[in-house]
Amino acid sequence: MERGEAEAKMLEFIKKLPDEIREALDFDVPAFDFSEIAHVVFAGMGGSAISGDLAKLHLSEVPIPMESVRDYTLPPYVSEKTLVFVSSYSGNTEEALAAYGDARERGAKLVAVTSDGKLAEMAERDGVPLVRIPGGLPPRTALGWLFVPLVKVFEVSGMVQGKLVELERVADYLTELRDEFSTPDSPPFELASRLYLRLPLIYTSRRLAPVGFRWKAQINENAKAFAHVAELPELDHNEITGIKNPPERVEEMWAVFLVDADDHPRIKLRVKHTQELIRDSVLGTEVLESKGETPIERAFYLVYFGDFVSFYLAKFYFEDPIAIPRIDELKKRLANEQ
Ligand code: F6R
């Protein structure tokens, strides 16, 4: 695929996010008796894993410990009292498949979310509830399809109410934003032009860390560019001192603080002082405030903003935003060494 064509396709895929959210609200998902569930694990990698992080954020009032696991094996507490979601868009990611096997061995309750591949095969073979989502996209652009079913399981099981209606509103809100964000000179375009040829530092509160991580991953994969992510308050106890050497590199850094109205008041204060203290060492700092009515609307405002930033950065670097040759090559090499 030519770069120009890939660019047009990626823009189309990014713009699809609100449509995916709406479509996924109609997907069939299994219900569970949560009185038998003591913990929830979201297992998966990369573009599939972020759906679990965002589900955790949207379900933050559910009084059950939830953890995202980006690894081959699951934590020691996983047992028949654990609900494990295994998400892999392709259905062939080896870490996700290993996590599935681990969950089965420990008798955990399982849900598989995938478009195809070995995960779909194994779930069908084992009688594990399978949410089969549409295929054909780069996994990182299938976020709506991957994310909504996770939340829907909690809602159809009676663990939460109104969370899907909130997602309908998220879809409406992103639909409003997408035309604005698709134009050159839009706020994401402007921010991408400030990050171009610089080293982006993405800083968030702990609560919004999934959003920061999505920014980093999207910049990495779409723009083939370096990005670093860290969270407050922790970075104020270490990284703040490290933003100094080597000076030639640090002078090329541009820090973006992603902030939200719901951030703890002390975090808001930390954003102000941290910026002041690093400002002389880095090339620039800025604050990007989320917009929207509900917490999940505001989180998705930032996710969507970042998706467009990564798209524009790819354009500036003349990179094909769809191709991820190193990831593909690595998967191929590992598949050849079983
Ligand atoms: C590719 C992408 C990657 C994949 C990851 C896992 O668009 O975003 O981060 O998501 O390599 O693959 P899947 O999602 O197929 O399990």
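See the structure shown above.
Quick caveat: nothing in here was measured; it's all calculated off a predicted structure.

A. Layout of the pattern of salt bridges. Under the criterion given, the structure shown has 26 salt bridges. Of the charged contacts in the structure, one is a salt bridge between arginine 22 and aspartate 19, with a shortest N-O distance of 3.5 Å. In this pair, arginine 22 and aspartate 19 are both assigned in helix α2 (residues 17-24), three residues apart and thus about one turn of the helix distant. A residue is classified by how much of its surface remains accessible, and arginine 22, at 31% relative accessible area, is partly exposed. Across the pair arginine 106 and aspartate 102 runs a salt bridge whose closest N-O atoms are separated by 2.9 Å. A cluster of three or more residues bridged by salt bridges with shared partners is formed by Arg207, Asp260, Asp262, Asp263 and Arg298.

B. Geometry of the site of the ligand. Near the ligand lie 14 residues; those nearest to it are Ser48, Ser88, Ser90, Thr93 and Arg140. In this structure, tyrosine 89 approaches the ligand through a main-chain N or O atom, which is 3.5 Å from an oxygen atom. If the ligand stood free it would expose 400 Å²; the protein chains cover 95% of that surface.

C. View of a negative patch on the surface. On the surface, a cluster of negative charge is contributed by Glu23, Asp26, Asp28 and Glu168. Structurally, glutamate 168 can be placed in helix α7 (residues 163-181).

D. Expanded view of the side chain of aspartate 102. Mapped onto the fold, aspartate 102 is located in helix α4 (residues 94-105). According to the relative accessible area criterion, aspartate 102 is buried, its value standing at 12%. Aside from chain neighbours lying at most four places away, what touches aspartate 102 is Thr73 and Leu74.

E. Structural detail: empty space enclosed by the protein. Taken as a whole and assessed by the stated rule, the structure comprises two cavities of 30 Å³ or more. What lines the largest cavity is simply Phe13, Ile14, Leu17, Arg140, Thr141, Leu143, Arg214, Gln218, Tyr304 and Asp307. Residue assignment for the lining of the largest cavity shows that the elements contributing at least two residues are α1 (3-15), α9 (209-223) and α13 (295-316). Of the residues belonging to the lining of the largest cavity, the class tally is five nonpolar, two polar and three charged. As for the second largest cavity, its lining consists of Phe42, Ala43, Gly44, Ser48, Ala49, Ser51, Gly52, Ser87 and Leu150. For the lining of the second largest cavity, the elements supplying multiple residues, two or more each, are β1 (39-43) and α3 (46-58). A total of four residues in the lining of the second largest cavity trace back to one element, the largest contributor, which is α3. Its residues assigned to classes, the lining of the second largest cavity comprises four nonpolar, five polar and no charged.

F. Molecular detail of the nonpolar core. Counting 82 residues, the largest nonpolar core has Val40, Phe147, Phe154, Leu167 and Phe300 as its most contacted members. No other element matches the 15 residues that α13 contributes to this core. If sequence neighbours within four positions are ignored, phenylalanine 300 has contacts with Leu17, Ile21, Leu54, Leu143, Phe147, Val170 and Leu174. Core analysis: the next-biggest nonpolar cluster, separate from the first, contains 19 residues, Val69, Leu97, Ala99 and Leu119 among them.

Quick notes on the rules
- Residues numbered from 1 in each chain as written.
- Predicted model: local features only at pLDDT ≥ 70, side-chain atom pairs only at ≥ 80, totals over all residues.
- Heavy atoms only, no water.
- Salt bridge = Lys/Arg side-chain N within 4 Å of Asp/Glu carboxyl O.
- Helix = DSSP H or I, 4+ residues; strand = E, 2+ residues; numbered from the N terminus.
- Buried < 20%, exposed > 50% of the residue type's maximum accessible area, 1.4 Å probe, protein only.
- Near = heavy atom within 4 Å.
- Polar contact = N/O pair within 3.5 Å; in protein donor to acceptor, adjacent residues only side chain to side chain.
- Areas by Shrake-Rupley, 256 points an atom, 1.4 Å probe, with all protein chains shown as cover.
- Patch = residues over 30% accessible without salt bridge, like charges linked within 9 Å, V, L, I, M, F, W, Y side chains within 5 Å.
- Lys, Arg positive; Asp, Glu negative; His and termini not counted.
- Charge placed at Lys NZ, Arg CZ, Asp CG, Glu CD.
- Contact = heavy atoms within 4.5 Å.
- 1 Å grid on protein atoms, 1.4 Å probe; cavity = no way out; pocket = protein on both sides within 12 Å on 5 of 7 lines; lining within 4 Å.
- Points joined across faces, edges and corners; volume = space filled by probe spheres on them.
- Nonpolar A, V, L, I, M, F, W, Y, C, P; charged D, E, K, R; others polar.
- Core = buried A, V, L, I, M, F, W, Y, C linked by side-chain atoms within 4.5 Å.

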